[in-house]
Amino acid sequence: DVKVTQSSRYLVKRTGEKVFLECVQDMDHENMFWYRQDPGLGLRLIYFSYDVKMKEKGDIPEGYSVSREKKERFSLILESASTNQTSMYLCASRWLFSGSTGELFFGEGSRLTVL
Amino acid sequence: GQSLEQPSEVTAVEGAIVQINCTYQTSGFYGLSWYQQHDGGAPTFLSYNGLDGLEETGRFSSFLSRSDSYGYLLLQELQMKDSASYFCAVSPNFGNEKLTFGTGTRLTIIP
């Protein structure tokens, strides 16, 4: 079975703290993604990575950075957390040659609260 | 830019049929996907339409009309476990890197 694991389901951080969200996939997928999910706004793409050490900005990259040192791991970093970054964060992955459907496999999410 | 519209909430009766619509305005379009997400769970892929017409997968079908910038997800023989949120998503190109999601439709099934 395909598995995308996000290290923390729930986190509570204080404004200004540095936050790391970790995501690991066990399917040897080339592409990995970080989305943010907020009520009424759907899923919005923060960053994605084509392959190791490669990254591209999504639609809402401000305030975030990412790291992909190994193929199976994609980290989302909040350099200085702010209250407007309180959200559900979803990691996803897929094969490079996933055909026309481009099916994404998602983790169960990390709910971050910034106080 | 990309924008997708879908109803925020739909309620349907167990055993019945329900249709969830999605209209899109996008600068590029390659295909339309549908994902299901149960409360507290991960979104999971349901279907994809790259060409006009109907795609059927068991109780679920999805339809696309590129000329109308419109698609829908049809769920038949509704079961209580179908209560979930459903998202349409547009692929702007073959690689689908910047998949854009709609805001989601919360489907509630009642006995």
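Everything quoted here is computed from the prediction, not taken from an experiment.

Looking along a regular strand, one sees the side chains alternate between the two faces of the sheet. Residue and element names in this part refer to chain B. Among the seven residues that make up strand β4 (residues 31-37), seven are buried, leaving the element largely enclosed by the rest of the structure. Burial along β4 is two-sided: Gly-31, Ser-33, Tyr-35 and Gln-37 and Leu-32, Trp-34 and Gln-36, pointing in opposite directions, are all buried. Taken together, the seven bridges between β4 and strand β9 (residues 84-91) define a ladder with antiparallel strand orientation. Within β9, the position partnered with Leu-32 by the bridge is Val-90. Note: β4 against strand β5 (residues 44-49), five bridges, orientation antiparallel. Residue pairing in the sheet places Tyr-35 in a bridge with Phe-45 of β5. Between β4 and β5, which pair antiparallel one after the other, the connecting turn spans six residues, and Gly-40 there sits at a positive phi close to 80 degrees.

On to the interface of chain B and chain A, then. On the side of chain A, 25 residues touch chain B, which itself brings 20 residues to the contact. When the two sides are added together, the surface that chain B and chain A hide from each other amounts to roughly 1800 Å², 56% of it contributed by carbon and sulfur. Inspection of the region where chain B meets chain A yields zero salt bridges. Across the chain B-chain A interface, the total number found is four residue pairs in polar contact (both at pLDDT 80 or more). Of all the elements in the fold, those that place two or more residues in the side of chain B that touches chain A are β4 and β5 of chain B. At three residues, the largest contribution of residues to the side of chain B that touches chain A is made by β4(B). Class assignment for the residues of the side of chain B that touches chain A results in 10 nonpolar, eight polar and two charged.

Cut-off values and rules
- Residues numbered from 1 in each chain as written.
- Chains lettered and ligands numbered in written order.
- Predicted model: local features only at pLDDT ≥ 70, side-chain atom pairs only at ≥ 80, totals over all residues.
- Heavy atoms only, no water.
- Buried < 20%, exposed > 50% of the residue type's maximum accessible area, 1.4 Å probe, protein only.
- Helix = DSSP H or I, 4+ residues; strand = E, 2+ residues; numbered from the N terminus.
- Pairing = 2+ DSSP bridges.
- Contact = heavy atoms within 4.5 Å.
- Buried area = accessible area lost by both parts, 1.4 Å probe.
- Salt bridge = Lys/Arg side-chain N within 4 Å of Asp/Glu carboxyl O.
- Polar contact = N/O pair within 3.5 Å; in protein donor to acceptor, adjacent residues only side chain to side chain.
- Nonpolar A, V, L, I, M, F, W, Y, C, P; charged D, E, K, R; others polar.

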